[in-house]
Amino acid sequence: MTTTTARARPAAVILTANAEARITKLMGEAPEGSIGVKLSTPRRGCSGLAYSVDYVSEEAKFDEKIVTPGGTFYIDSASVLYLIGSVMDWKEDDFTAGFVFDNPNAKGACGCGESFTV
């Protein structure tokens with residue numbers, strides 16, 4: 001009888017050290033009852049899909065779950081296919097601050113950078 005061992009599946013999204021640090025900061029300031037932060041891609045903007053990061057208070061059955069040193073990061077199950085292979089980073093400068101995404105699945109983006117298409 002042959003026994004096969006399942007290998008660990010890589011995360012759908014790679015979080016940079018800056019993104020993990022930001023998740024840690026967000027969880028330190030999270031509203032009561034929050035169990036993590038969640039990335040989703042709601043239909044919005046001129047290109048069709050947008051990135052949205054929000055607090056989450058309960059775990060959804062099919063969401064991707066990434067445990068970071070500072071808190072749990074979830075990816076909406078309906079969004080995973082649009083995000084596989086993406087890198088999520090946190091960038092801050094004198095004028096802007098926010099999560100930025102290097103998404104190999106994005107085929108285009110709107111001029112303002114708020115939405116993308118696959």
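The structure we're discussing is the one just above.
These figures come from a predicted structure and were not determined experimentally. (Residues numbered from 1 in each chain as written. Predicted model: local features only at pLDDT ≥ 70, side-chain atom pairs only at ≥ 80, totals over all residues. Heavy atoms only, no water.)

1. Observations regarding the sheet that holds strand 5 (residues 71-75)
For step 1, the next point in the chain: One open sheet accounts for four strands, arranged 3-2-5-4; its pairing is mixed. For this open sheet the edge positions go to strand 3 (52-56) and strand 4 (64-68), each flanked by a neighbour on one side alone. The average angle at which neighbouring strand axes cross in this sheet is 25°, direction not considered.
For step 2, the next point in the chain: Direction of pairing for strand 4 relative to strand 5: antiparallel, over a ladder of five bridges. Following the sheet pairing, Thr68 is matched in strand 5 by Gly71. (Pairing = 2+ DSSP bridges. Helix = DSSP H or I, 4+ residues; strand = E, 2+ residues; numbered from the N terminus. Axes fitted to C-alpha atoms, helices over the stretch in contact; angles between N-to-C directions.)

2. Thoughts on the nonpolar core
For step 1, the next point in the chain: Within the largest apolar cluster, 17 residues are counted, with the highest numbers of intra-cluster contacts made by Val13, Leu15, Phe73, Ile75 and Met88.
For step 2, the next point in the chain: Those elements that provide at least two residues to this core are strand 1 (13-15), helix 1 (17-28), strand 2 (36-40), strand 5, helix 2 (80-83) and strand 6 (86-92).
For step 3, the next point in the chain: With four residues, the single largest contributor to this core is helix 1.
For step 4, the next point in the chain: Excluding anything up to four places from it in sequence, Phe73 contacts Leu15, Ile23, Val37, Leu39, Glu64, Lys65, Ile66, Thr68 and Met88. (Core = buried A, V, L, I, M, F, W, Y, C linked by side-chain atoms within 4.5 Å. Buried < 20%, exposed > 50% of the residue type's maximum accessible area, 1.4 Å probe, protein only. Contact = heavy atoms within 4.5 Å.)

3. A short note on the pattern of salt bridges
For step 1, the next point in the chain: Applying the stated criterion across every chain yields a total of five salt bridges.
For step 2, the next point in the chain: When the shortest N-O distance is used, the salt bridge between Lys65 and Glu59 registers 3.4 Å.
For step 3, the next point in the chain: Given a relative accessible area of 46%, Glu59 falls into the partly exposed group.
For step 4, the next point in the chain: Residues joined by salt bridges that share partners form a network here, namely Lys38, Asp63 and Asp76. (Salt bridge = Lys/Arg side-chain N within 4 Å of Asp/Glu carboxyl O.)

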